[in-house]
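# Summary of structural features
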Amino acid sequence: MSKVVLKNIDKIYDNGFHAVKNLSLNIDSQEFVVLVGPSGCGKTTTLRMIAGLEQITKGELYIDEKLVNHVEAKDRDIAMVFQNYALYPHMTVFDNMAFGLKMRKINKKEIYKKVTEIAKSIDMESLLNRKPHELSGGQRQRVALGRAIVRNPKIFLMDEPLSNLDAKLRVQMRAEIVKLYHRLHTTFIYVTHDQTEAMTMGTKIVVMNKGYIQQIADPQTIYDKPANLFVASTIGSPQMNFIDACVIAEGDLVYLKFGEFKIKISSEISENLLKMGYKDREVILGIRPENIRIAEENNCDAISLKLELVEILGYENILYLELLENNIVVKVDTRFGATVGSYLNLSFDVEKIHVFDKITKNAII
């Protein structure tokens, strides 16, 4: 068991800054939960409160049904991996990994056995006598992970552990951490500002902004059914396109009109919009770049836009087209070729359109 429950948690610093606001979250045993959001959203503060490194201003924190608000960090059976690795520079890899076990008075033979086993599993066995300055960034991060694993804690906390690595190493270490999670069968709580890390690593994602939780769900639900405009813009790369539009009804059909264009929407969304009184009201239309298609010239539902820029990524092309005063972004196959300055016909997948309230910014379900 390694369940974590946060109930109505607030964190207010001495200078009055309200970092976390009325946060409630259930983390089940053996989940991989990712807290994601921009800098200053409260995700690291939340992690540090779970670790016992920050005091809770208000609310209750339970680990395995035990209230731990006033339990010292060292007594919570938690291991934390930091962004800057936090290795002791004067110690060897072996001593860094063994440090926590020595503090717990584990006998030397047991320490040697555990450290060498873990070092082998993270491919650091041949580097146990080196010091941190002799290691690459990826190797230092492995040592930090090894030091956490060797303690066999109930919960792993990770605070942006990959942000100091280059792009190639980040991908590699991401895969290693996920494999580690499946091997250890314990609870992981991971903080990142990188939505790709969140989507590829977590079994549950918690999107945060300005101290508040915006949405809690599995990665696919977060992507397919964002709760509001902030979540929709945070998850997905390139981000979702947003267009100011007006809901209009023509007979039995409902359209979203913007500028000289109008887009037909699905019967389910149409019904909801009319039922909730959105007829002739302004809303925000959301559509992901991969849900816009290049249409045939005779497609009466298509809109024609001028191509401003093409980004060639090798595995796909990203098109930027002029729409009103903004750009609209479209993902296409690399086999598609078009000249900058030409006009393209686009059709929207009506089943994939999102609609958000213009004032509250919440999704209209």
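Just so it is clear, the structure is predicted and the values come from calculations on it, not from any experiment.

## Some thoughts on the sheet that holds strand β17 (residues 317–323)
Taken in spatial order, the 5 strands line up as β15-β19-β16-β17-β18 in an open sheet, and their pairing is antiparallel. The open sheet terminates on both sides in strands that have one partner only, identified here as β15 (292–294) and β18 (326–332). On average, adjacent strands in this sheet sit at an angle of 50 degrees to one another, irrespective of strand direction.

## Regarding the packing of aromatic side chains
For the structure on display, the rule yields 9 aromatic pairs. Taking 6.1 Å as the distance between ring centres and 70 degrees as the angle between the ring planes, the aromatic pair formed by Phe 242 and Phe 356 counts as edge-to-face. Here Phe 242, found in strand β11 (residues 241–250), pairs with Phe 356, found in strand β20 (residues 354–357); they are 114 residues apart in sequence, far enough to count as distant. For Phe 356, a relative accessible area of 0% translates into the label buried.

## Let's talk about the pattern of salt bridges
Within the structure shown, the criterion is met by 13 salt bridges. The shortest N-O distance in the salt bridge between Lys 262 and Glu 250 comes to 2.9 Å. Taken together, the positions of Lys 262 in strand β13 (residues 261–264) and Glu 250 in strand β11 put the pair 12 residues apart, joining distant regions of the chain. Residue Glu 250 is classed as partly exposed on the basis of its relative accessible area, which comes to 38%. The network of salt bridges with common partners includes Lys 11, Arg 48 and Glu 54.

Rules and cut-offs
For every chain, the first residue of its written sequence is number 1, and the numbers climb from 1 along that sequence. Only residues with pLDDT of 70 or above have their local features reported here, since the model is predicted, and side-chain atom pairs are shown and tallied only from 80 upward, although totals for entire chains, interfaces and linings are computed over all residues. Only hydrogens and water are set aside; all other atoms, that is, all heavy atoms of the structure, feed into the side-chain values. Pairing between strands is defined by DSSP: at least two bridges between them are needed. Here a helix means four or more residues in a row that DSSP labels H or I, a strand means two or more in a row labelled E, and each is numbered from the N terminus. Here, axes are lines fitted to C-alpha atoms. For helices the fit covers the stretch in contact, and angles between N-to-C directions go from 0 to 180 degrees. Under the pairing criterion, centres of Phe, Tyr and Trp rings, with the six-membered ring standing for Trp, must be within 6.5 Å; the plane angle then separates stacked pairs below 30 degrees from edge-to-face pairs above 60, leaving the rest tilted. Working definition: with a 1.4 Å probe on protein chains only, accessible area under 20% of the residue-type maximum means buried, over 50% means exposed, and in between means partly exposed. By definition, a salt bridge exists where a carboxyl oxygen of Asp or Glu is found within 4 Å of a side-chain nitrogen of Lys or Arg.

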